[in-house]
Amino acid sequence: MNIGIVCYPTFGGSGVVATELGIALSKKGHKIHFITYQLPVRLDVFSENIFYHEVAVGDYPLFDYAPYELILSSRIVEVAKFEKLDLLHVHYAIPHASAAFMAKQILKSQGIHLPYITTLHGTDITLVGRDSSFEPVITFAINQSDAVTAVSESLKKDTYSYFPITKDIEVIPNFICTEEFSKHIADEQLRKKIAPNGEKILTHISNFRKVKRVDDVLHVFERVQKLIPCKLLLVGDGPERNQLENLCRENSLCDKVTFAGKLKDTEGVLSISDLFLLTSESESFGLAALEAMAAGVPVISTNTGGIPEVNLHDKTGFMSQVGNVAEMSENALKLLSNPLLHQEFRNNALKQASVFDLHKILPKYESLYQKVLS
Ligand code: GMT
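Parameters at a glance
- Residues numbered from 1 in each chain as written.
- Predicted model: local features only at pLDDT ≥ 70, side-chain atom pairs only at ≥ 80, totals over all residues.
- Heavy atoms only, no water.
- Near = heavy atom within 4 Å.
- Polar contact = N/O pair within 3.5 Å; in protein donor to acceptor, adjacent residues only side chain to side chain.
- Areas by Shrake-Rupley, 256 points an atom, 1.4 Å probe, with all protein chains shown as cover.
- Nonpolar A, V, L, I, M, F, W, Y, C, P; charged D, E, K, R; others polar.
- Domains from an automatic or database assignment.
- Helix = DSSP H or I, 4+ residues; strand = E, 2+ residues; numbered from the N terminus.
- Expected span 1.5 Å × (residues − 1).
- Buried < 20%, exposed > 50% of the residue type's maximum accessible area, 1.4 Å probe, protein only.
- Contact = heavy atoms within 4.5 Å.
- Buried area = accessible area lost by both parts, 1.4 Å probe.
- Salt bridge = Lys/Arg side-chain N within 4 Å of Asp/Glu carboxyl O.
- Phe/Tyr/Trp six-rings, centres within 6.5 Å; stacked < 30°, edge-to-face > 60°.
- Axes fitted to C-alpha atoms, helices over the stretch in contact; angles between N-to-C directions.
- Parallel < 35°, antiparallel > 145°, perpendicular 65-115°, else oblique.
- Left-handed = near helix turned anticlockwise from the far one by under 90°.
- Core = buried A, V, L, I, M, F, W, Y, C linked by side-chain atoms within 4.5 Å.

Visitor: Please set out the site of the ligand residue by residue, giving values where relevant.
Guide: Among the 17 residues in the neighbourhood of the ligand, the closest are listed as Gly13, Ser14, His121, Thr123 and Glu283. Separating an oxygen atom of the ligand from a side-chain N or O atom of His121 is a distance of 2.6 Å. Coverage of the ligand by the protein amounts to 95% of the 480 Å² it exposes when considered alone. Of the residues that constitute the shell around the ligand, the class distribution is four nonpolar, 11 polar and two charged. For the shell around the ligand, the domains that each give at least three residues are domain 1 (2-175 + 358-373) and domain 2 (178-354).

Okay, structure coming up:
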């Protein structure tokens, strides 16, 4: 198949999922055309069957904000015509679903049929999409999609409750290449650098936005480090970073916390981690938690949104109510102070991650594509 993929090329989970999906499909012989404003972070453009079409956003002085959605629609039309796309798969509804609809209509007027599939990822529904400034367009573009998927049952439910959606939504959960994670050997040099005295390593990975409540990660760590020698690795970057650095200073934690910045691959840091912390206010799936589990790292998380579909309470980690840092730190201490229990949770995490293995999830997308094309 000749498939167009539209996504955010940045470090966000939706971009990672879209990129990994495209790469996996290309390895199965499909020709994958990424249509994005930047090369997706995990994409090797020289791989076989991978093609990259940049959406060049100009800066004409009349526009305070360039009309990205129109430029994207035009680019989709152009790529679809000249590369003879069979279908388009857009990740994250805003503004990709409406751009896809517009492109589809333009192509239709020229006698070309381009079906589009919309995959909902989370904040496009639960946070941004619900805003009345987007809602009518989002509802329309989702309903007009040839197929719609959501990354968790929880997100499917939220979509139906926040929007008047008439379309069937198929749940196709996010996935992971477990092989990639299991073949990664713990980077002992990195471990020594982060925790020279054998301290435990707690890790958090996110885009440091308010919804992630990274300050709760610091509050949990602050409690845990009082009782067990440990270090905190904060991977990622985003709007809350300055405030987090200040919080570290106020709590005299600077020598115990490393801000690692954005990392292209997280296998290295996860391979040396003892616990993963995910304290989000809302999380439609929690891909970062799944990546941690695939590396055999138990997860201390909130129980919001789709997280319970990934992290199994008292098995692969523990879950608490949003903001309950006292309970989250108690659970972290329980695992870190009991090597047998910790190992048992590590094994459970690996087993649960295998449920979301790429080889199990990829055929679901392929059969959806077939269904849409027939
Ligand atoms: O976090 C976002 O605002 C958007 C999105 C992204 O691009 O990172 O994250 C969502 O999609 C991920 C991939 O499907 C999910 O794993 C995240 O749980 C989800 N984020 C939220 O729901 C906050």
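Visitor: If you had to explain helix α9 (residues 214-225) to someone new, which residues and values would you point to?
Guide: In this model, α9 (12 residues) spans 16 Å end to end at C-alpha, consistent with the 16 Å of a helix rising 1.5 Å per residue. Across the 12 residues that make up α9, a large majority, nine, are buried. When α9 is considered as a whole, its buried residues turn out to be Val214, Asp216, Val217, Leu218, Val220, Phe221, Glu222, Val224 and Gln225. Buried residues belonging to α9 abut β8 (200-206), β9 (230-236), α10 (241-250), β10 (257-261), β11 (275-278) and α13 (325-336).

Visitor: Break down the domain arrangement of the chain for me, citing the residues and quoting the values.
Guide: Segmentation of the chain into domains returns domain 1 (2-175 + 358-373) and domain 2 (178-354). With centres defined by C-alpha atoms, the gap from domain 1 to domain 2 works out at 30 Å. Counting residues at the interface gives 19 residues for domain 1 and 16 residues for domain 2. The contact between domain 1 and domain 2 buries some 1400 Å² in all, and 56% of this surface belongs to carbon and sulfur atoms. Summed over the three residues of domain 1 that lose the most area to domain 2, namely Phe11, Arg42 and Asn174, the buried surface amounts to 35% of that side. Inspection of the domain 1/domain 2 interface yields one salt bridge. The partner of Glu291 in a salt bridge is Arg42, and the shortest N-O contact between them spans 3.4 Å. Linking domain 1 with domain 2 are nine residue pairs in polar contact (both at pLDDT 80 or more). Breaking the side of domain 1 that touches domain 2 down by element, the ones donating at least two residues are α1 (13-27), α6 (153-162) and α15 (358-373). Classifying every residue of the side of domain 1 that touches domain 2 gives eight nonpolar, eight polar and three charged.

Visitor: Describe in detail the packing of aromatic side chains, supporting the description with residues and values.
Guide: Applying the stated criterion across every chain yields a total of five aromatic pairs. Ring plane angle 80° and centroid distance 5.5 Å describe the contact between Tyr8 and Tyr92, whose orientation is recorded as edge-to-face. In this pair, Tyr8 sits in the loop between β1 (2-6) and α1 while Tyr92 sits in the loop between β4 (87-91) and α3 (93-109), placing the two residues 84 residues apart along the sequence. The exposure class assigned to Tyr8 is partly exposed, which follows from its relative accessible area of 23%. On the accessibility criterion, Tyr92 (13% relative accessible area) is buried.

Visitor: Run through the environment of Ala260, naming residues and quoting values.
Guide: Structurally, Ala260 can be placed in strand β10. For the pair formed by Ala260 and Ile5, sequence separation is 255 residues and the distance between their alpha carbons is 30 Å. Not counting chain neighbours up to four residues away, the residues in contact with Ala260 comprise Leu233, Leu234 and Val235.

Visitor: Break down the packing of α3 against helix α5 (residues 135-144) for me, citing the residues and quoting the values.
Guide: Viewed as axis vectors pointing N to C, α3 and α5 meet at an angle of 55°, and their least axial separation amounts to 9 Å. By the criterion of interaxial angle, the relationship of α3 to α5 is oblique. As α3 runs across α5, the sense of the crossing is left-handed. Along the contact surface, α3 presents Ala93, Ile94, Ala97, Ser98, Phe101 and Lys104, while α5 presents Val137, Ile138, Phe140, Ala141 and Gln144. Grouping the constituent residues of the contact of α3 with α5 by class yields eight nonpolar, two polar and one charged.

Visitor: Describe the nonpolar core, listing the residues and the values that go with them.
Guide: Counting 90 residues, the largest nonpolar core has Ile35, Ile76, Leu88 and Phe276 as the members making the most contacts within it. With eight residues, the single largest contributor to this core is α3. Each of two domains, domain 1 (2-175 + 358-373) and domain 2 (178-354), supplies a minimum of three residues to this core. Among all residues touching Phe276, those that are not within four sequence positions of it are Thr203, His204, Ile205, Leu270, Ala288, Ala289, Ala292, Val297, Pro298, Val299 and Ile300.

Visitor: Hey, could you go over unusual backbone geometry for me, with residue numbers and the actual values?
Guide: Looking along the chain, the bond that leaves Ile94 and enters Pro95 is cis, with omega of -15°. Among the secondary structure elements, Pro95 is positioned in helix α3. At Arg213, a residue that is not glycine, the phi angle is positive and equals roughly 50°. Tracing the sequence through the fold places Arg213 in the loop between β8 and α9. Residue Arg213 is classed as partly exposed on the basis of its relative accessible area, which comes to 23%.

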